[in-house]
Amino acid sequence: GTVANRILFTGPTNGQIADFVGGVGIQDGLLLTNAVNVVVRALLFRDFTNGIRLSGASTNNIFQNIVSRSNQRNGFFLYGGAVDANRFFSNTTHGVGAQANGFLITNAARNVFTNNTVMRNINDGFSLNGPGTANRIVANIVRSNVDGVDADGDACDGNFIIGNTIYENSDDGV
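Computed from a predicted structure; not experimentally measured.

Quick notes on the rules
- Residues numbered from 1 in each chain as written.
- Predicted model: local features only at pLDDT ≥ 70, side-chain atom pairs only at ≥ 80, totals over all residues.
- Heavy atoms only, no water.
- Helix = DSSP H or I, 4+ residues; strand = E, 2+ residues; numbered from the N terminus.
- Polar contact = N/O pair within 3.5 Å; in protein donor to acceptor, adjacent residues only side chain to side chain.
- Contact = heavy atoms within 4.5 Å.
- Pairing = 2+ DSSP bridges.
- Axes fitted to C-alpha atoms, helices over the stretch in contact; angles between N-to-C directions.
- Phe/Tyr/Trp six-rings, centres within 6.5 Å; stacked < 30°, edge-to-face > 60°.
- Lys NZ or Arg CZ within 6 Å of the ring centre and 35° of its normal.

Asker: Can you tell me about the side chain of D28, naming the residues and giving the values?
Answerer: With respect to the helices and strands, the residue D28 is situated in strand β3 (residues 28–33). Polar side-chain contacts of D28 include one of 3.0 Å to the side chain of N50. Reaching out from D28, the side chain makes a polar contact with the side chain of R53 at a distance of 2.6 Å. What D28 contacts, discounting residues up to four positions off in sequence, is F48, N50, G51 and R53.

Asker: So, the sheet that holds strand β6 (residues 50–55): which residues are in play, and what are the values?
Answerer: Reading across from one edge, β3-β6-β9-β12-β15-β18 is the order of the 6 strands in this open sheet, with parallel pairing throughout. The sheet is open, and its two edges are formed by β3 and β18 (147–151), each paired on a single side. The sheet shows a mean angle of 5 degrees between the axes of neighbouring strands, taken without regard to direction. Relative to β6, β3 runs parallel, the two sharing 5 bridges. In the sheet register, L31 faces β6, and the bridge partner there is R53.

Asker: So what's going on with the packing of aromatic side chains? Residues and values would help.
Answerer: Taken as a whole and assessed by the stated rule, the structure comprises 10 aromatic pairs. Seen from their ring centres, F88 and F103 are 5.9 Å apart, and the 85 degrees between their planes marks the pair as edge-to-face. Of this pair, F88 sits in strand β10 (residues 87–89) while F103 sits in strand β12 (residues 101–106), and the two are 15 residues apart along the sequence. The interplanar angle of 75 degrees and the centroid separation of 5.2 Å between the aromatic rings of F103 and F113 together place this pair among those described as edge-to-face. Placement of F103 in strand β12 and of F113 in strand β13 (residues 112–114) is noted, with a sequence separation of 10 residues between them. In this structure an aromatic cluster arises from ring pairing among F63, F76, F88, F103, F113 and F126. Above the ring of F160, the side-chain terminus of R136 is found at 5.3 Å from the ring centroid.

This is how it looks when you write it as structure tokens:
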């Protein structure tokens, strides 16, 4: 069905962040499949396989003030060509030696990533894979990863990486 109003997942409104802790065998802190008009705000996801996974026909969702750290694979995992037109802003991904990628973006298109802090992931801060185009990575701080922003194959065309502060990555900045 179609959701006319937004669905809201939010932590406390007093500036605190609600903490979700995973464990062995727990795949995702939050899995959204075919999600439309969802707002996720002020939550912390740690010790999962992926902090947040977005798949299926997921569009027009907002992720704000999320902390995703110490997950086994990815802080945020966007998978599929229909993962489209989502906005990620003012989030923090922090690997703390375990998390492979801050944002893994596979085949997804027209998503916007702004004012995020992406650091200490054991692989990439942002990893773009597959034919997804028109993703905008703008004004983020990307530091202390192996690669700051990595785009492979088809992901090298049609995505925008603008005005980011990228430093102290051990291999490549972009």
